[in-house]
Structure formats: C-alpha cells, structure tokens
Amino acid sequence: MLNYIKITGGPLYSNSYIVYNARGRGFIVDAGVEPFKIYELINELNIDTIEFIVLTHGHFDHVFYAGKISEKLGVDVYLHRDDLEIFEYSAIYGEYLYRDVFVKPRNLVLLGSDSELYFGDVKVKIIHTPGHSPGSVCILVGNFLFTGDTLFKGTVGRTDLPGGSSRQLAFSLRKIALLPGDYIILPGHGEESSLKRELVENYYLKKLIEAHNTNHNKY
Ligand SMILES: [Zn+2]
Ligand SMILES: [Zn+2]
C-alpha cells in the first residue's frame, strides 16, 4: 500500500511529493521546494530510506533543489534526457527567484522514452508526455499519476515556453486520457484531482483531445 504527501513551496508554489510505504521506504517526485520541508516530513513520517528522486521535467521550479537534496540523502536523480538542456539553464535562472545557489546533482540519471523504475517490487512507469517541455513525463505508480506541468486540475500545461508544443501536448494528453481505469492526478502546481473527473470537467483537456482526433482523421 502506497501513500503520498504533498509539499508546496518555492517562488512559484510548485508541488513536490513523497511517496512512501508502511516499511519506512519512499521516493521523491520533483525537488522545487525548500529542502528542510522535505527533511521534516521524512522524520515525521518515520521514513528510513529515500530510494531516489524523479523529476517530472526540467523547469527550475521543479528541480532547483534536486542537487542539494540528492546529495544529503545519497540518492540518484532521474530526468528525461530531452529536458537536460532546459534543466541546466532553467535551474541556473532559478537562482534569482530562489535567492539561493543551484547545485548540480552529481548523480543525474537520464531516462529514455517510456522507461520503468522500481520502488521495491512496485513498478514506477515513466510516460513521456512532451508538450509543456520536450522532456516532460507523467509518472504512474499504483493508482497515482504525477502529471508535473502537463495536466492540472481544470487546465493543462502552457506550451509557450522554449521547447513547448501544443501539438505535442495534445498527443501526450491523449495518451494519458487513454490510460485504462482511474488515477489520482497529482500535479506540479495546485490541487489533486482524478483522471475521470478531468476527462469530464477539464475543458482544455477535452478540446485538445478533440482537436487531436480531428486532425488525425484528416490525413
Ligand atoms: Zn514547467
Ligand atoms: Zn511548474
């Protein structure tokens, strides 16, 4: 049985999450919040071992403290390879807003498209969902779906940043919409939702999928 806890912080109020089990093990999704908040929760929740940090994409508000936290906890950091350049630049730009020094993770592991990680014997599926950034991913574990800045409660990620593409985002969201069953949506900003609820209530999600289907039928 997996649990999660959401932590919000940093200058853009981004979410990080700790996913953990009853045996005192966990992993971290995104690293844009102040490290002390993560360490406090690790103590409070009696988590002995964090196994890794996985990043939904390379924007600074999601990665700024990946280096510091991974060094302290002695873990690898996973990032999709298509966001490496964005990661390196945006993290440095983040210094201004965070008013802190960016530390590059020593053990950054680059993922290819649609990779799998393991948390104990639980599969952590990395679904490549470009559009908000070239290397954006959604992370599926149990009935949790971490959507980064690809899908939010009631809206979708912006595509006007460098490397963004609304055409790719439409394709990616369709991939998410077609997942069988329901999932708790855990986004990079704002409140949680569920996939079924977003498929009914999220205007942008519905419109983009419609547009994708229409364009697809044309050719
Ligand atoms: Zn972003
Ligand atoms: Zn963000």
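To keep things clear, this report deals only with the structure shown in the data block. Quick caveat, the model's predicted, so the values are computed rather than measured.

Here we look at the overall build of the protein
Step number 1: A count of helices and strands for the protein gives 7 helices and 14 strands.
Step number 2: The C-alpha radius of gyration computed for the protein amounts to 17 Å, which stays within 12% of the reference 17 Å derived for 219 residues, consistent with globular compactness.
Step number 3: Projected onto its principal axes, the C-alpha coordinates of the protein cover approximately 55 × 40 × 30 Å.
Step number 4: Considering only contacts within the protein whose residues lie at least 6 apart along the sequence, 64% involve residues at least 24 apart.
Step number 5: On the protein, roughly 10,400 Å² of surface is accessible, and the fraction owed to carbon and sulfur atoms is 52%.
Step number 6: A gap of 5 Å separates the mean positions of the 22 positive and 26 negative side-chain charges of the protein.

Considering helix 5 (residues 166–177)
Step number 1: Spanning 12 residues, helix 5 covers 16 Å between terminal C-alpha atoms, matching the ideal 16 Å at 1.5 Å per step.
Step number 2: Three or more residues of helix 5 are buried, namely Leu 169, Ala 170, Ser 172, Leu 173, Ile 176 and Ala 177.

Observations regarding the packing of aromatic side chains
Step number 1: Under the definition given, this model contains 14 aromatic pairs.
Step number 2: With a centroid separation of 5.2 Å and an interplanar angle of 80 degrees, the aromatic rings of Tyr 4 and Phe 144 are classed as edge-to-face. Pair noted here: Tyr 4 is in strand 1 (residues 2–9) and Phe 144 is in strand 10 (residues 144–148), with a separation of 140 residues, a long-range link.
Step number 3: Classification of Phe 144 as buried rests on a relative accessible area of 5%.

Examining the pairing of strand 6 (residues 108–111)
Step number 1: Where strand 5 (residues 76–80) meets strand 6, 4 bridges bridge the pair, whose relative direction is parallel. Bridge pairing in strand 6 places His 80 opposite Leu 111.
Step number 2: In terms of handedness, the path from strand 5 via helix 4 (residues 84–98) over to strand 6 forms a crossover that is right-handed.

Quick word on the sheet that holds strand 1
Step number 1: Strand order in the open sheet formed by 6 strands is 1-2-3-4-5-6, and the pairing between neighbours is mixed. Where the open sheet ends on each side, the last strands, each with one partner, are strand 1 and strand 6. For this sheet, the mean inter-axis angle between neighbouring strands, taken without regard to orientation, is 25 degrees.
Step number 2: Relative to the sheet, helix 1 (residues 35–44) contacts strand 1, strand 2 (14–21), strand 3 (25–29) and strand 4 (49–54), its axis offset from that of strand 1 by approximately 150 degrees.

Let's talk about the coordination of the zinc ion (ligand 2)
Step number 1: Protein ligation of the zinc ion (ligand 2) involves Asp 61 (OD), His 62 (NE2), Asp 149 (OD) and His 189 (NE2), the donor distances falling in the range 2.1 to 2.2 Å.
Step number 2: With 4 donor atoms in place around the zinc ion (ligand 2) and angles of 89 to 157 degrees between them, the coordination shape is irregular.
Step number 3: Coordination of the zinc ion (ligand 2) draws on donor residues from a single chain, spaced D-H-x86-D-x39-H in sequence.
Step number 4: Classification of Asp 61 by relative accessible area gives buried; the value is 5%.

What about the sheet that holds strand 9 (residues 137–141)?
Step number 1: Spatial ordering of the open sheet is given by 7-8-9-10-13-14, a layout of 6 strands whose pairing is mixed. Each edge of the open sheet carries a strand with a single partner, namely strand 7 (116–119) and strand 14 (193–194).
Step number 2: As paired strands, strand 10 and strand 13 (residues 184–187) are joined by 4 bridges and run parallel to one another. Bridge pairing in strand 13 links Phe 144 to Ile 184.

Conventions adopted
Residues numbered from 1 in each chain as written. Chains lettered and ligands numbered in written order. Predicted model: local features only at pLDDT ≥ 70, side-chain atom pairs only at ≥ 80, totals over all residues. Heavy atoms only, no water. Helix = DSSP H or I, 4+ residues; strand = E, 2+ residues; numbered from the N terminus. Rg over C-alpha atoms; globule rule 2.2 N^0.38 Å. Contact = heavy atoms within 4.5 Å. Areas by Shrake-Rupley, 256 points an atom, 1.4 Å probe, with all protein chains shown as cover. Lys, Arg positive; Asp, Glu negative; His and termini not counted. Charge placed at Lys NZ, Arg CZ, Asp CG, Glu CD. Expected span 1.5 Å × (residues − 1). Buried < 20%, exposed > 50% of the residue type's maximum accessible area, 1.4 Å probe, protein only. Phe/Tyr/Trp six-rings, centres within 6.5 Å; stacked < 30°, edge-to-face > 60°. Pairing = 2+ DSSP bridges. Right-handed = clockwise from strand over helix to strand, strands pointing away. Axes fitted to C-alpha atoms, helices over the stretch in contact; angles between N-to-C directions. Donors = N, O, S within 2.8 Å, 3.2 Å for Na, K, Ca; no water. Tetrahedral: all angles 85-135°; square planar, octahedral: opposite > 155°, others 65-115°.

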